[in-house]
Amino acid sequence: MELMITFLISAMCSWILHLAISLYESSSETEKVEKKEMDIIKILNLNHFELIKKIDGMLGKEFELFLLRILERFGYWGYQTADSGDYGADLIVFKDGLKIVVQAKRYSKSVGIKAIQEVLGAVKYYNADKALVITNSRFTRQAEGLAAKSDVDLCDRSQLFDLIVRARGDNQNLSYS
């Protein structure tokens, strides 16, 4: 009988420890999301030179999340796709009943025709209404040509920074709340 009680107490302690760890991990995830949100606001508050430097130094997934947060400021909502097997879409966003696939290209060179082809595949795969490719760089003429014939919207470096300025609104300094 004593052995049974010891076993039950041990099992309960193990379960409580597992519960405490999972609660700690979920709160850590919440803190990470909140930290990312603050980081996005900090990035938006950078001066033009610092902003360019920060965006050009982002990793691909960071750039995608940054773009998602910018689009959310314009009333879009959506999510990032998987790291691999995304079928040509890095983000899926929605607004006004439209589903839009977004290909995010944080490049140091010009974005070529392949990005347009990928996002066109994503339109079919995700049954989207529109396609958009956003880059911190520029597009080649071939990419611009295919995008124009295929009804793919393009947002290059200049347009991206215009978008960021508009996302800031009238206030140059955004609050963290």
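Here is what the cut-offs are and how they apply
Residues numbered from 1 in each chain as written. Predicted model: local features only at pLDDT ≥ 70, side-chain atom pairs only at ≥ 80, totals over all residues. Heavy atoms only, no water. 1 Å grid on protein atoms, 1.4 Å probe; cavity = no way out; pocket = protein on both sides within 12 Å on 5 of 7 lines; lining within 4 Å. Points joined across faces, edges and corners; volume = space filled by probe spheres on them. Helix = DSSP H or I, 4+ residues; strand = E, 2+ residues; numbered from the N terminus. Nonpolar A, V, L, I, M, F, W, Y, C, P; charged D, E, K, R; others polar. Expected span 1.5 Å × (residues − 1). Buried < 20%, exposed > 50% of the residue type's maximum accessible area, 1.4 Å probe, protein only. Polar contact = N/O pair within 3.5 Å; in protein donor to acceptor, adjacent residues only side chain to side chain. Contact = heavy atoms within 4.5 Å. Salt bridge = Lys/Arg side-chain N within 4 Å of Asp/Glu carboxyl O.

Engineer: I would appreciate a short explanation of the layout of surface pockets in the present structure.
Structural biologist: Of the volumes computed, that of the largest pocket is approximately 240 Å³. Leu71, Tyr76, Ile100, Leu132 and Asp153 are, among the 14 residues lining the largest pocket, the residues nearest its centre. Broken down by secondary-structure element, the contributors of at least two residues to the lining of the largest pocket are strand S3 (98-105), strand S4 (130-135), strand S5 (152-155) and helix H6 (157-168). Of the residues assigned to the lining of the largest pocket, the class counts are 11 nonpolar, no polar and 3 charged.

Engineer: Would you mind going over helix H3 (residues 60-72) with me for this structure?
Structural biologist: Because each turn of an α-helix spans 3.6 residues, side chains separated by three or four positions in sequence point in the same direction. Given a rise of 1.5 Å per residue, 13 residues ought to cover 18 Å, and the 18 Å separating the end C-alpha atoms of H3 matches this to within 8%. If you check which residues of H3 are buried, you get Phe63, Glu64, Leu65, Phe66, Leu67, Leu68, Arg69, Ile70 and Leu71.

Engineer: Would you take a moment to explain unusual backbone geometry for this structure?
Structural biologist: Generally, phi is negative for residues other than glycine and the peptide bonds are trans, each holding for most cases. In the Ramachandran plot, tyrosine 87 falls in the positive-phi region, its phi being about 60 degrees despite a non-glycine side chain. Assignment of secondary structure puts tyrosine 87 in the loop between strand S1 (77-80) and strand S2 (91-95). Of note, the phi angle at aspartate 151 is positive, near 60 degrees, even though the residue is not glycine. Relative to the helices and strands, aspartate 151 resides in the loop between helix H5 (141-150) and S5. The exposure class of aspartate 151 is exposed, given its relative accessible area of 52%.

Engineer: Honestly, the side chain of threonine 81 in this entry has me stumped. Any pointers?
Structural biologist: In this structure, threonine 81 sits in the loop between S1 and S2. Engagement of the side chain of threonine 81 in a polar contact is seen with the backbone oxygen of alanine 89, the distance being 2.5 Å. Aside from chain neighbours lying at most four places away, what touches threonine 81 is Lys61, Asp86, Ala89, Asp90, Leu91, Ile92 and Tyr126.

Engineer: Sorry if this is basic, but what is going on with the environment of lysine 99 here?
Structural biologist: Residue position: lysine 99 is located in strand S3. Sequence spacing of lysine 99 and glycine 78 is 21 residues, and the spatial spacing of their C-alpha atoms is 9.2 Å. Apart from the residues lying within four places of it in its own chain, the contact partners of lysine 99 are Ile92, Val93, Phe94, Tyr126, Asn127, Ala128, Asp129 and Lys130. Here tyrosine 126 takes part through its backbone oxygen, which lies 2.8 Å from a polar atom of the side chain of lysine 99.

Engineer: Looking at this model, I keep getting lost on the pattern of salt bridges. Mind explaining?
Structural biologist: Note that side chains of opposite charge can pair when their charged atoms are close. Using the criterion set out here, one finds 7 salt bridges in the structure. Glutamate 72 is paired through a salt bridge with arginine 69; the nearest N and O atoms lie 2.9 Å apart. Of this pair, glutamate 72 and arginine 69 both sit in helix H3, separated by 3 residues, roughly a single helical turn. Note that lysine 114 and glutamate 118 form a salt bridge whose closest N and O atoms lie 3.4 Å from each other. Highlighted residues: lysine 114 and glutamate 118, both in helix H4 (residues 113-125), separated by 4 residues, approximately one helical turn. By relative accessible area, lysine 114 is classed as exposed at 59%. Using a relative accessible area of 24% as the deciding quantity, one classes glutamate 118 as partly exposed. Here the salt bridges share partners, and the residues they tie into one network are Lys105, Lys114 and Glu118.

Engineer: How do you make sense of the environment of threonine 135 when you look at a structure like this?
Structural biologist: Within the secondary structure, threonine 135 is located in strand S4. When its relative accessible area of 0% is taken as the criterion, threonine 135 is described as buried. Threonine 135 sits 27 residues away from serine 108 along the chain, and the two C-alpha atoms are 9.6 Å apart. If near-sequence neighbours (up to four positions away) are discounted, threonine 135 is found in contact with Phe63, Lys105, Tyr107, Val111, Cys155, Asp156, Arg157 and Leu160. A polar contact of 2.9 Å, which involves the side chain of threonine 135, links it to the backbone nitrogen of serine 137.

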